[in-house]
Amino acid sequence: MSPPRPRGSLARLEGRAASTWALAVLLSGCAADLEGDLSAASTQPSNLTLAQRRTRAGLIRDTAARAGLPRAGWLLAGLADAETQMSHCWSELTWACQGPYAADCRGPVVAGAGDGPCSARQGGLGMFQFDGGDFDATLRRDGARVLSLAGNTQAAVEFTLRMVRDSAYVPGVATLDEAAAWMNGVTPDNDRFHLWVQTVTHHYNGCLPGYACFPQRYRHYRDHARGVWSEMGASF
C-alpha cells in the first residue's frame, strides 16, 4: 500500500515545458479530480535568483545525503522545482496564496491555489507542497515542521524514500535502504529514470497511467528533473 501522498497542489498542471511554464504548478486541482479542475496557469516566475536557487538546491542535496541519498539530491531538487520552482516562502512567489506564518520566511509560507480560493486555506504548503486537506489538516498530518524550509525538505526526503519502497513501478525494492540504493542509481539517461518519473507522477502527484492528465504531468516532472541536472551539473 502506498503512503499518503503530499498531494502537491503546485504541480497539478496540464503540462508546461520547463522553459516556459514558470510555475503554472500553483494552479492545480486535487489529483483525484484530474485535469478538469485545473485552473488557468500563471506565467509569473519565482522571485528567487539563480544564486538563491543554487543555495536552495544545495540544501536539498545535503539533506538527501544525510538520509543516505548522496547521489539522488538532484531528483529531490527536480521535484521541488516542478512543485514550486524551489520557492518556500510567499515572498518568493507573491502571486500564489499565503500559508501560515513561518519563521524562516518572516511571514507566510507559500500555499497552492488549486483547491479553491485562497480564503479556503486548502492549498499545499511550502516548497514540496504538503497537502492533507486544509492548512490545519495538513499540519495535523505532517506536523509544523513542514512550515520550515529544513523540515519541509526533510519530510520530502522521508516521503520519497517510502514512495519508492512502495512504488508500483520499481522492482526489487522492499526496504528503505533498498529504496535509497535504487534512487542513488538513477541518472537522466538510464532505465531507472523513467521508473522514477512514473512513480512521482502516480504516487506523488496522484495521476495514474491511463488518465488523460498522465502524459503531460509525466513530461512536467521529467523535464524539471533533467533541468536541475543540467543547471546544477552532473557533480551536484
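Residues numbered from 1 in each chain as written. Predicted model: local features only at pLDDT ≥ 70, side-chain atom pairs only at ≥ 80, totals over all residues. Heavy atoms only, no water.

Got a minute to help me understand the state of the cysteines in this structure?
Put plainly, a disulfide is one covalent bond tying together the sulfur atoms of two cysteines. By the definition in use, this model includes three disulfides. Between the sulfur atoms of Cys89 and its disulfide mate Cys105 the distance is 2.1 Å. Note on the Cys89 and Cys105 pair: the S-S dihedral is about -85°, so by sign convention the disulfide is left-handed. On the criterion of sequence distance, the pair formed by Cys89 in the loop between helix 2 (73–84) and strand 1 (97–102) and Cys105 in the loop between strand 1 and strand 2 (107–111) is long-range, its members being 16 residues apart. (Disulfide = S-S within 2.5 Å. Helix = DSSP H or I, 4+ residues; strand = E, 2+ residues; numbered from the N terminus.)

In this structure, what is going on with the side chain of Arg217? I would like to understand it.
Looking at where Arg217 falls in the secondary structure, it is placed in helix 7 (residues 214–232). At a separation of 3.3 Å, a polar atom in the side chain of Arg217 contacts the side chain of Asn205. (Polar contact = N/O pair within 3.5 Å; in protein donor to acceptor, adjacent residues only side chain to side chain.)

What is the right way to read the nonpolar core from this model?
The nonpolar side chains of a soluble globular protein tend to be buried with one another. One finds Met86, Phe128, Met183 and Trp196 to be the most contacted residues of the largest nonpolar core, which totals 47 residues. Elements represented by at least two residues in this core include exactly helix 1 (50–66), helix 2, helix 4 (149–165), helix 5 (176–184), helix 6 (191–204) and helix 7. Counting residues per element, this core draws most heavily on helix 4, which supplies eight residues. (Core = buried A, V, L, I, M, F, W, Y, C linked by side-chain atoms within 4.5 Å. Buried < 20%, exposed > 50% of the residue type's maximum accessible area, 1.4 Å probe, protein only.)

Is there a simple way to explain the packing of aromatic side chains in this structure?
In this description, a pair of aromatic rings is defined by centroid distance and the angle of the planes. For the structure shown, the criterion picks out four aromatic pairs. A ring pair is formed by Phe159 and Tyr204, whose centres lie 5.6 Å apart and whose planes are at 80°; its orientation type is edge-to-face. Taken together, the positions of Phe159 in helix 4 and Tyr204 in helix 6 put the pair 45 residues apart, joining distant regions of the chain. Per residue, the accessibility class of Phe159 equals that of Tyr204, and both read buried. Judged by centre distance (5.9 Å) and plane angle (40°), the ring pair of Phe214 and Tyr218 falls under tilted. (Phe/Tyr/Trp six-rings, centres within 6.5 Å; stacked < 30°, edge-to-face > 60°.)

Which parts of the structure should I look at to understand the environment of Gly233?
Relative to the elements of secondary structure, Gly233 occurs in the segment after helix 7. Judged by relative accessible area, Gly233 falls into the partly exposed class, the value being 24%. Each C-alpha atom of the pair Gly233 and Trp74 lies 9.3 Å from the other, and the pair is 159 residues apart in sequence.

Can you walk me through the environment of Ser167 in this structure?
Structurally, the position occupied by Ser167 is in the loop between helix 4 and helix 5. By relative accessible area, Ser167 is classed as buried at 10%. Expressed as a C-alpha distance, the spacing of Ser167 and Ala179, which sit twelve residues apart in the sequence, is 9.7 Å. Excluding residues within four positions of it along the chain, Ser167 makes contact with Thr199 and His203. (Contact = heavy atoms within 4.5 Å.)

Help me understand helix 6, please; the structure alone is not making it clear to me.
Because an α-helix completes one turn every 3.6 residues, residues spaced three or four positions apart along the sequence face the same direction. Over its 14 residues, helix 6 runs 20 Å from end to end, which matches the ideal 20 Å to within 8%, given 1.5 Å per residue. Looking only at helix 6, the buried set comprises Phe193, Trp196, Val197, Gln198, Thr199, Val200, Thr201, His202, His203 and Tyr204. Buried positions along helix 6 lie against helix 2, helix 4, helix 5 and helix 7. Looking one or two places after helix 6, you find Gly206, whose phi comes out positive at around 95°. (Expected span 1.5 Å × (residues − 1).)

Explain the pattern of salt bridges to me, please; I cannot follow it from the model alone.
Where charged atoms from two side chains of opposite charge approach closely, those side chains can pair. Considering all chains together, one arrives at nine salt bridges under this definition. Notably, a salt bridge pairs Arg53 with Asp81, separated by 2.8 Å at the nearest N-O pair. With Arg53 in helix 1 and Asp81 in helix 2, this residue pair connects regions lying 28 residues apart in the sequence. Of the two residues, Arg53 and Asp81, both sit in the buried class. Across the pair Arg53 and Glu231 runs a salt bridge whose closest N-O atoms are separated by 2.6 Å. Here the residue Arg53 occupies a position in helix 1, and Glu231 occupies one in helix 7, the gap between them amounting to 178 residues. A relative accessible area of 11% means that Arg53 is categorised as buried. The exposure class assigned to Glu231 is partly exposed, which follows from its relative accessible area of 32%. (Salt bridge = Lys/Arg side-chain N within 4 Å of Asp/Glu carboxyl O.)

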